[in-house]
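# Analysis of the macromolecular model
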Amino acid sequence: MATQHSRSAARAMMAPAVFLLLVWMLVPLILTLWFSTLDYRPLRGTFDCCEGLGNYVRFVSSSAFWDSILTTLQLLGGVLLITVVGGIGLAILLDQPIWGQGVVRILVIAPFFVMPTVSALVWKNMFMNPVNGLFAHAFKAVGLEPVDWLSQFPLFSIILIVSWQWLPFATLILLTAIQSLDSEQLEAAEMDGAGPLSRFGYITLPHLARSITVVVLIQTIFLLSIFAEIFVTTGGAFGTRTLTYLVYQRVIESQNVGLGSAGGIIAVILANIVAAILMRVVGKNLDA
Amino acid sequence: MTDTLRALMGATALTAVALAAQAETITIATVNNGDMIRMQGLTSHFTDMHPDITVEWVTLEENVLRQNVTTDIATGGGQYDVITIGTYEVPIWGANGWLVALDDMGADYNVDDLLPAVRGGLTVDGHLYASPFYGESSMVMYRTDLMEAAGLEMPEAPTWEFIREAAAAMTDRDNEVYGICLRGKAGWGENMAFLSAMANSFGARWFDMDWRPQFDTEAWSNTLTFYLDLMTNYGPPGASNNGFNENLALFQTGKCGMWIDATVAASFVTNPTDSQVADHVGFALAPDNGLGRRGNWLWAWSLGIPASSDAQEAAKTFIAWATSSAYTELVAAEEGWANVPPGTRTSLYENQAYLDAAPFAEMTLRSMESADPTSPSVDPVPYTGVQFVAIPEFAGLATEVGQLFSAALAGQMSAEDALSQAQALATEEMEAAGY
Amino acid sequence: MARAVTTQRKIVFTALAWGIGLMIFFPILWTILTSFKTEATAIADPPVFFNFDWTLENYRVVQERSDYMRYLWNSVALALGSTFLGILIAVPAAWSMAFVPARRTKDVLLWMLSTKMLPAVGVLYPIRLILIQLGLLDSKIALIFILMLINLPIIIWMLYTYFREIPGEILEAARMDGATLKDEILYVLTPMAIPGIASTVLLNIILAWNEAFWTLTLTTVNAAPLTAFIASYSSPEGLFYAKLSAASTMAIAPILIMGWFSQKQLVRGLTFGAVK
């Protein structure tokens with residue numbers, strides 16, 4: 001129904017966004033691609049041509065690379081699982097008639113506003129510290145040996161911190177979806193003798209499929225680039241080095257920009273593969 | 001950064017902004033350590049004397065600061081006029097021509113007053129490239145009351161064996177008293193600083209004269225096994241996440257019997273407002289194994305000027321002020337002698353007022369004098385640096401090795417595995433670096 | 001559907017919801033409480049909850065050391081600036097994608113999202129070198145652009161999904177009545193789009209406020225926001241829980257308060273097309 005006129009107007013309206021994102025993506029990407037073929041180590045003063053694919057080979061062939069992929073996937077999977085399952089539970093709970101619903105909702109979404117650095121610092125020091133942390137106090141109070149969270153369960157601890165930050169987001173999106181659910185449908189099912197579980201399984205969950213997809217997709221985009229939480233808590237030690245963190249170590253800690261750039265390019269490629277898979281597998285839900 | 005790149009970017013750049021007009025604002029990047037925060041608090045004394053200079057502070061946590069400063073200097077960003085760097089960075093950056101030589105600091109500066117070991121560590125080809133703000137070695141700090149209760153007496157120069165014995169005697173887990181607190185947090189400036197210095201006293205070294213990594217040697221195995229044994233049995237829980245600051249908090253709250261760490265900690269643990277054990281702290285030299293080297297390091301937080309700074313004269317003026325004897329006297333007048341930045345000047349250790357106020361002064365000086373960056377270990381080495389190796393690859397490499405050793409402390413791998421992985425890692429890294 | 005169990009049920013659910021809500025909120029509450037304690041009380045075992053001598057000392061110390069207002073102002077400027085700019089660019093783009101769909105619309109959208117996956121640290125050197133050449137290191141302008149760009153894909157997507165739910169028939173009716181494109185946007189779409197735009201604005205402000213990589217690596221003084229302020233209080237020497245808590249509270253309070261007051265608006269548009 002769109003006219004030629006409105007089509008060209010539409011293109012004009014999209015142009016700034018597309019142009020800016022294109023520049024934002026391409027310029028650093030091309031420079032990074034170029035750096036990745038160089039022996040570029042600023043502290044040595046080297047900026048020498050032609051490593052070819054040498055940096056890529058070195059980056060991929062180090063054992064740290066595969067470990068970091070695995071860690072990234074574990075982190076991603078863990079956080080997604082906790083936030084989606086927890087988010088559904090919370091959304092259903094908040095959808096019930098309860099007193100002070102508004103206040104509870106405020107409490108639940110609060111972590112989303114906390115900057116990642118702050119939440120990592122607070123969790124690390126005031127909760128997970130094995131001597132002065134609250135968890136340690138609580139463990140001692142019931143006669144248990146305090147747990148050193150960040151070295152005994154490092155990845156789990158980070159998953160916990162990140163999940164705490166993202167649970168509100170999942171809850172909010174899922175709550176809106178649940179509220180749009182036709183309550184008559186549920187009541188009818190209840191009349192027909194469907195138990196709570198089957199009502200959830202046959203009515204609520206299918207209704208939520210779309211929002212779960214959205215939660216998974218958006219969180220994946222953010223979680224793949226998680227950095228502050230690891231930097232503050234373990235600094236990549238104890239098997240918590242994700243791919244992003246490995247690139248950080250190469251670029252900043254070792255100041256090997258060539259190698260790090262190769263890692264960055266690999267990370268971009270992998271992230272796009274993940275995105276493509278996600279789109280194929282769950283993206284259908286997004287089609288209108 | 002090369003000319004090719006500069007030219008390429010310059011061609012596409014819109015403007016090359018020169019910020020010459022307001023040259024008298026200096027931006028100082030520093031670590032959020034107590035002495036630096038004190039310096040920041042005293043800024044007005046400086047600006048009163050130099051009303052034409054405005055001072056902007058960028059105070060950051062050590063890792064963030066190092067990351068920002070290194071990236072800035074490596075790309076020639078010119079964001080800072082004064083940077084806080086250590087004895088590891090100065091020789092490398094000075095040799096790269098990234099720092100301004102501090103040859104003419106004025107008559108009051110008295111360069112010959114600087115402690116020779118510190119001055120040597122900040123000098124490249126006869127030029128001083130950074131001025132020491134405070135210097136430190138490491139030593140044993142211990143609880144005199146707990147030592148007495150254990151029926152032991154700390155010698156002035158203990159052996160590692162004695163340390164183990166004392167740690168065993170002082171540990172009282174039910175009351176949360178741990179015989180020994182040592183660094184375990186991964187990082188080249190954290191656990192690896194301690195372990196490299198400790199390794200020296202066990203006769204281990206990072207590289208042999210041909211730059212071959214030495215983690216496969218008996219000496220390193222002894223070092224790590226002893227350290228792990230000590231910490232597992234007598235250390236606090238969660239030691240693998242403890243760095244300097246965490247241990248300081250533990251010691252101040254009475255949870256450590258002994259703590260081997262930076263000499264600057266002495267003024268914190270004896271300060272009654274912060275420390276619950278201020279009256280019961282004794283000091284001893286870092287332990288040895290009878291091999292002729294002690295496990296103490298040498299470090300100086302220093303102020304330098306990046307060559308990319310556009311306010312070098314003002315920056316020099318500030319550094320001359322902040323690292324002068326006059327600044328020391330200012331701190332003494334404002335906060336007491338015990339709080340002056342230690343370990344940079346001989347004159348401080350000849351000052352009776354300081355010696356009276358700081359019971360740890362003599363031990364600090366002796367520790368600093370006994371560290372030899374040019375010959376840190378028993379066997380000869382091709383590098384300089386006691387607890388570091390002054391090559392650009394060290395920071396990244398040592399942090400990764402530190403993560404292995406930290407994992408070993410956390411019980412996630414054995415000492416042998418940690419060492420063999422460290423050896424493989426170091427070999428790979430050194431080959432790639434062209435050694 | 002009144003039932004005998006309703007009240008009982010309501011009590012159980014209320015208790016459960018409040019219990020979980022308080023648990024989730026507890027770390028923030030604890031941080032705020034700790035910020036009013038002395039350093040010694042902050043690590044006391046057993047922990048003290050309300051029964052301590054409340055002190056503002058930590059806030060005084062933090063303020064004395066760092067000029068909070070300057071960081072706050074920078075945070076506000078960066079968050080609002082990047083949001084304003086982002087909305088300016090995203091609304092037309094999302095509008096045209098939603099109402100004048102082309103064959104490639106979905107691909108363009110996906111491509112936009114994929115630009116968000118560039119690991120920031122991988123392109124740190126290129127971005128820094130470019131900014132140095134432009135003389136824009138430590139400038140708010142550069143950061144506003146960067147923050148705008150990293151959030152642009154998300155907000156375009158969010159707006160796109162929101163706009164799509166606006167029924168197309170209304171537009172057609174307006175066109176029949178001879179409405180121009182301008183009229184369409186101004187009088188028909190905008191009123192319907194306001195809730196979606198409002199919640200997009202809020203989300204973007206939150207994301208920009210909390211961004212902690214670029215704001216930390218590209219700033220020193222002039223553009224340094226609260227993320228840099230916090231970096232000066234993590235693990236200093238000695239006991240620091242109370243001061244860290246005070247600094248943390250100062251860093252998150254503005255956005256937390258804004259979030260609470262506007263949560264209704266935030267929630268309304270935060271669906272990403274998930275609700276049909």
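Residues numbered from 1 in each chain as written. Chains lettered and ligands numbered in written order. Predicted model: local features only at pLDDT ≥ 70, side-chain atom pairs only at ≥ 80, totals over all residues.

With an unreviewed UniProt entry as reference, chain B is termed Sugar ABC transporter substrate-binding protein, source organism Pararhodobacter aggregans. The record held by UniProt for chain B lists under Sequence similarities (unreviewed entry) the comment "Belongs to the bacterial solute-binding protein 1 family." Turning to chain B, the UniProt annotation filed under Subcellular location (unreviewed entry) states: "Periplasm". (UniProt positions renumbered as here; feature names shortened; annotations may be inferred.)

With an unreviewed UniProt entry as reference, chain A is termed Sugar ABC transporter permease, source organism Pararhodobacter aggregans. Looking at chain A in UniProt, the text filed under Subcellular location (unreviewed entry) is "Cell membrane".

This part is about the overall build of chain B. What chain B contains, in helices and strands, is 18 helices and 10 strands. Scaling as 2.2 N^0.38, a compact globule of 435 residues should have a C-alpha radius of gyration of about 22 Å, and chain B matches this with 22 Å. Along the first, second and third principal axes, the C-alpha set of chain B runs to 65 × 55 × 35 Å. Excluding contacts between residues fewer than 6 apart, the proportion of contacts in chain B whose partners are at least 24 apart in sequence is 74%. (Helix = DSSP H or I, 4+ residues; strand = E, 2+ residues; numbered from the N terminus. Rg over C-alpha atoms; globule rule 2.2 N^0.38 Å. Contact = placed C-beta atoms within 7 Å.)

Turning our attention to the UniProt feature "transmembrane region" (unreviewed entry) in chain A. All names here are of chain A. In the numbering adopted here, UniProt assigns the feature "transmembrane region" (unreviewed entry) to residues 12-35, 75-94, 106-123, 153-175, 214-238 and 258-282. End C-alpha atoms of residues 106-123 are separated by 20 Å, and the span's content is 67% helix alongside 0% strand. Counting secondary structure, residues 153-175 comes out at 96% helix and 0% strand; the distance between its end C-alpha atoms is 31 Å.

All names here are of chain B. Under the domain assignment, chain B is made up of domain 1 (20-129 + 298-357) and domain 2 (138-297 + 374-432). Each of domain 1 and domain 2 has a C-alpha centre, and these two points are 28 Å apart. Contacts between the two partners involve 10 residues from domain 1 and, on the opposite side, 12 residues from domain 2. Classifying every residue of the side of domain 1 that touches domain 2 by side-chain character gives seven nonpolar, three polar and no charged. (Domains from an automatic or database assignment. Nonpolar A, V, L, I, M, F, W, Y, C, P; charged D, E, K, R; others polar.)

Interfaces are often sized by the accessible area lost when the parts come together. Counting residues at the interface gives 87 residues for chain A, matched by 79 residues for chain C. Broken down by element, the side of chain A that touches chain C gets its largest block of residues, 17 residues, from helix H1 (residues 4-35) of chain A. Class assignment for the residues of the side of chain A that touches chain C results in 65 nonpolar, 18 polar and four charged.

This part is about the interface of chain A and chain B. Of the residues lining the interface, 24 residues belong to chain A; the matching set on chain B comes to 29 residues. Counting only elements with at least two residues in the side of chain A that touches chain B, the list comes to helix H7 (149-152) and helix H12 (243-253) of chain A. Looking at the side of chain A that touches chain B residue by residue, the classes come out as 10 nonpolar, nine polar and five charged.

Below, the discussion takes up the environment of A:Pro168. All names here are of chain A. Within the element layout of this structure, Pro168 appears in helix H8 (residues 154-179). Here Pro168 falls in the buried class, since 23 other C-beta atoms lie within 10 Å of it. Note: C-alpha distance between Pro168 and Ile106 (62 residues apart in sequence) is 9.7 Å. If we skip the residues at most four places from it in the chain, Pro168 touches Val108, Ile109, Pro111 and Phe112. (Buried ≥ 20, exposed ≤ 12 C-beta atoms within 10 Å, placed from the backbone.)

The subject of this paragraph is the nonpolar core. The nonpolar side chains of soluble globular proteins are, as a tendency, buried together. Membership of the largest hydrophobic core comes to 314 residues, with the highest contact counts inside it found for B:Met141, B:Met258, C:Ala94, C:Ile156 and C:Leu159. No other element matches helix H7 (residues 140-164) of chain C, which puts 18 residues into this core. Apart from the residues within four sequence positions on either side, C:Ala94 is in contact with C:Ile156, C:Leu159, C:Tyr160 and C:Phe163. (Core = buried A, V, L, I, M, F, W, Y, C linked by C-beta atoms within 7 Å.)

In this section: the environment of B:Thr87. Residues and elements named next belong to chain B. Note on placement: Thr87 falls in the loop between strand S3 (82-85) and helix H5 (89-95). For Thr87, a count of 27 C-beta atoms within 10 Å puts it in the buried group. Separated by 214 residues in sequence, Thr87 and Trp301 have C-alpha atoms that sit 7.1 Å apart.

Those residues carrying the UniProt feature "domain: ABC transmembrane type-1" (unreviewed entry) are residues 69-278 of chain A in this numbering. Helix and strand shares over residues 69-278 of chain A are 77% and 0% respectively, and the end C-alpha atoms of the span are 17 Å apart.

Residue and element names in this part refer to chain C. For the pair H7 and helix H9 (residues 181-210), the least separation of the axes is 10 Å and the interaxial angle reads 155°. Taken together, the axes of H7 and H9 are roughly antiparallel relative to one another. Like other packed secondary-structure pairs, H7 and H9 cross with a definite hand, here right-handed. Between H7, through Leu147, Asn151, Ile155, Met158, Leu159, Tyr162 and Phe163, and H9, the contact on the second element is made entirely by Ala193, Gly196, Ile197, Thr200, Leu203, Asn204, Leu207 and Ala208. Here the contact of H7 with H9 is composed, by residue class, of 11 nonpolar, four polar and no charged. (Axes fitted to C-alpha atoms, helices over the stretch in contact; angles between N-to-C directions. Parallel < 35°, antiparallel > 145°, perpendicular 65-115°, else oblique. Left-handed = near helix turned anticlockwise from the far one by under 90°.)

The backbone of B:Asp125 sits at a positive phi, close to 50°, despite the residue not being glycine. Judged by the 9 C-beta atoms lying within 10 Å of it, B:Asp125 is exposed. Even without a glycine there, the phi angle at C:Asp138 is positive, about 60°. Inspection of the secondary structure puts C:Asp138 in the loop between helix H6 (124-134) and H7. On the basis of neighbour counts, which here come to 21 C-beta atoms within 10 Å, the residue C:Asp138 falls in the buried class.

All names here are of chain C. Tracing the sequence through the fold places Ala193 in helix H9. Under the C-beta neighbour-count criterion, Ala193 is labelled buried, with 21 such atoms within 10 Å. Spatially, the C-alpha atoms of Ala193 and Glu165 are 9.7 Å apart, while their sequence positions differ by 28 residues.

Below, the discussion takes up the confidence of the model for chain A. Scored by pLDDT, chain A comes out at a mean of 87, with 95% of its residues at no less than 70. Averaged over each element, pLDDT in chain A is lowest for helix H9 (residues 183-191) of chain A (81) and highest for helix H3 (residues 63-95) of chain A (94). (pLDDT = per-residue confidence, 0-100.)

This next bit is on H7(C). All names here are of chain C. In this model, H7 (25 residues) spans 34 Å end to end at C-alpha, consistent with the 36 Å of a helix rising 1.5 Å per residue. Along H7, the sharpest kink reaches roughly 45°, centred on Leu152 and followed within four residues by the proline Pro153. Across the 25 residues that make up H7, a large majority, 21, are buried. (Expected span 1.5 Å × (residues − 1). Bend = angle between axes of the 7 residues up to and from the residue.)

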